[in-house]
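Read off the chains here:
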Amino acid sequence: MARNLTVFECTACGYQSPKWLGRCPECGAWSTLEQSSPDKPRSAPGTAARPIPFPEIPKTGVSRTSTGIPELDRVLGGGLVPGAAILLGGEPGIGKSTILLQAASLLASGDHSVLYVTGEESATQLRLRGDRLSVKEKSLLVLEETEVDRITAAAKDNSPALLIIDSIQAVSCSDVASVPGSVAQVRESATRLVRLAKSTNLPVILVGHVTKEGGLAGPRALEHVVDTVVQFEGDRHHAHRILRTLKNRFGPSDEIGVFRMTSQGLLEVPNPSEVFLAERPENVPGSAVHAAIEGTRPILVEIQALVGEPMQGNPRRTALGIDSQRLALILAVLQRRAGLTLSDRDVFVNVAGGLSLTEPASDLAVAAAVASSFHRKPIPQDWALIGELGLAGELRSVSRLDARIKEAERLGFNQTLTPNRAKHLTDALDALFR
Ligand code: TYD
Ligand code: MG
């Protein structure tokens, strides 16, 4: 049977359909479906590809160039790798352009040249920001341009040590029909820039805006095109800016870098634990300290809980900084295994400072914060809590316990409540509130 090789693709969102449609069922746009030919085979059919014996694969030690900002190097896995394609995401106004201009200036003050392509702001606007940051390097080259082939040609002419595209949503290809900012444009532009990175060993950083919902505006496919995805977490209303590695072919993911926005741009926070605990209230019920592992390092955070009477109707559960399913599980275990009647109460949980915790190791601290608010008894000031909670109420062991305890002790938390010390949630709660 002959295969149907015709595909119609929406030029706005990338939706594909085997037949033409007047309106895209995915994004609702009208008359955006266009016929696209499927990928042509890369080499003539019938010629076999040739594998190579393992020892003959050339060895390449990855050499890394520091951006001049250690916390940025950390999230990149130790610095810039030749030919790496990096996507930097975050909400508008969070500091993407700021951190890149700072890194560009630091690199250019060494013996590297940097090409900064500004497609969203004018060069004069960039100059204004740069003056605030005391940028004055001659080898920082600024290009006001949005056409991707003109950008790649300029990069080839100037052979910089780093190419920055601010932003990928502003860039387009003149030979692609759809409007700038559309999925088709963003994907094709990114693909060409990544190809440039790979063929010339030039590291490229693409700035990508992220919507409130957390998705990259543009195709998620962009994340697959690049080697590394780093993203500013949360919104710009927090004093601290957390940069997290979501994907990294050259290093660990989940690494975080912590910064503070100041009038001189983003400053590094060398001791994140101190910052996350700085505003912790003393002897107040509902506050627990947890030693988390973020990427490769331990970080102490404060988990806050508030248990209240519902204002009206059904009780509400709100989780900020932890998964809401996880909170539901913890509340169920507290009710069934430790006898706390929470089913008719409002429960709010928040991780102070805007950090998002993903490990179950924070379960015990969340449970203890909720129990503390429920009983209106504070958790003793110098205790840190670490442990995963099982459905039977048992405490389960977690990774890198020693590193967590060491960080807790470094900051004066001399009592650590861990699965080694308490086997069950009820033992833990007894130890805290007896
Ligand atoms: P910006 O880097 O423009 O954000 P993005 O590129 O992610 O959209 O950051 C803009 C915000 O940062 C803006 O609200 C002004 C503030 N800011 C400072 O507070 N100090 C500074 O030195 C700079 C350059 C910006
Ligand atoms: Mg910007």
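Since the structure is predicted, the reported quantities are computational estimates derived from the model, not experimental observations.

1. Things to note about the site of ligand 1
The local shell around ligand 1 holds 16 residues, among which Gly93, Ser97, Thr98, Arg129 and Thr262 are the closest. The side chain of Ser97 places a nitrogen or oxygen atom 2.8 Å from an oxygen atom of ligand 1. The separation between an oxygen atom of ligand 1 and a polar main-chain atom of Gly265 is 2.8 Å. Protein coverage of the free-state accessible area of ligand 1, which is 560 Å², stands at 76%. Of all the secondary structure elements, the ones that give two or more residues to the shell around ligand 1 are helix H2 (96-109), helix H3 (123-132) and strand E11 (256-262). The leading source of residues in the shell around ligand 1 is H2, at 3 residues. For the shell around ligand 1, a count of residues per class yields 4 nonpolar, 8 polar and 4 charged.

2. Describing the packing of helix H8 (residues 324-338) against helix H11 (residues 425-433)
Contact geometry of H8 with H11 gives a least axis separation of 10 Å together with a crossing angle of 85 degrees. Our classification of the angle between H8 and H11 gives roughly perpendicular. Contacts from Val333, Leu334, Arg337 and Ala338 in H8 reach Leu425, Thr426 and Leu429 in H11. Residue classes in the contact of H8 with H11 are distributed as 5 nonpolar, 1 polar and 1 charged.

3. Structural notes on the packing of helix H9 (residues 363-375) against H11
Relative orientation of the contacting elements H9 and H11 amounts to 55 degrees, with a least axis distance of 11 Å. Here H9 is positioned oblique relative to H11, judged by the angle of their axes. By crossing handedness, the relation of H9 to H11 is classed as right-handed. Here Leu364, Ala367, Ala368, Ala371, Ser372 and His375 of H9 lie close against H11, whose contacting residues are Leu425, Ala428, Leu429, Leu432 and Phe433. Of the residues belonging to the contact of H9 with H11, the class tally is 9 nonpolar, 2 polar and no charged.

4. Focus: the nonpolar core
Leu334, Val349, Val370 and Leu385 are the most contacted members of the largest nonpolar core, which totals 46 residues. Broken down by element, the residue count for this core peaks at 8 residues, all from H9. Viewed by domain, this core spans two of them, domain 2 (66-270) and domain 3 (274-433), each represented by three or more residues. When neighbours within four sequence positions are excluded, Val349 is seen to be in contact with Ile303, Gln304, Ala305, Thr318, Ala319, Leu320, Ile322, Leu327, Val366 and Val370. With 32 residues, the next largest nonpolar core counts Ile86, Ile99, Leu133 and Ile164 among its residues.

5. Remarks on the sheet that holds strand E13 (residues 287-294)
Across the sheet, which stays open at both edges, the 6 strands sit in the order E15-E16-E14-E13-E17-E20 with mixed pairing between neighbours. In this open sheet, the two edge strands, each paired with only one partner strand, are strand E15 (317-320) and strand E20 (415-417). Neighbour to neighbour, the strand axes of the sheet diverge by 25 degrees on average, direction disregarded. Bridge analysis of strand E17 (residues 383-385) against E20 gives 3 bridges, and the strand direction is parallel. Paired with Ala384 across the strands is Thr416, a residue of E20.

Parameters at a glance
Residues numbered from 1 in each chain as written. Chains lettered and ligands numbered in written order. Predicted model: local features only at pLDDT ≥ 70, side-chain atom pairs only at ≥ 80, totals over all residues. Heavy atoms only, no water. Near = heavy atom within 4 Å. Polar contact = N/O pair within 3.5 Å; in protein donor to acceptor, adjacent residues only side chain to side chain. Areas by Shrake-Rupley, 256 points an atom, 1.4 Å probe, with all protein chains shown as cover. Helix = DSSP H or I, 4+ residues; strand = E, 2+ residues; numbered from the N terminus. Nonpolar A, V, L, I, M, F, W, Y, C, P; charged D, E, K, R; others polar. Axes fitted to C-alpha atoms, helices over the stretch in contact; angles between N-to-C directions. Parallel < 35°, antiparallel > 145°, perpendicular 65-115°, else oblique. Contact = heavy atoms within 4.5 Å. Left-handed = near helix turned anticlockwise from the far one by under 90°. Core = buried A, V, L, I, M, F, W, Y, C linked by side-chain atoms within 4.5 Å. Buried < 20%, exposed > 50% of the residue type's maximum accessible area, 1.4 Å probe, protein only. Domains from an automatic or database assignment. Pairing = 2+ DSSP bridges.

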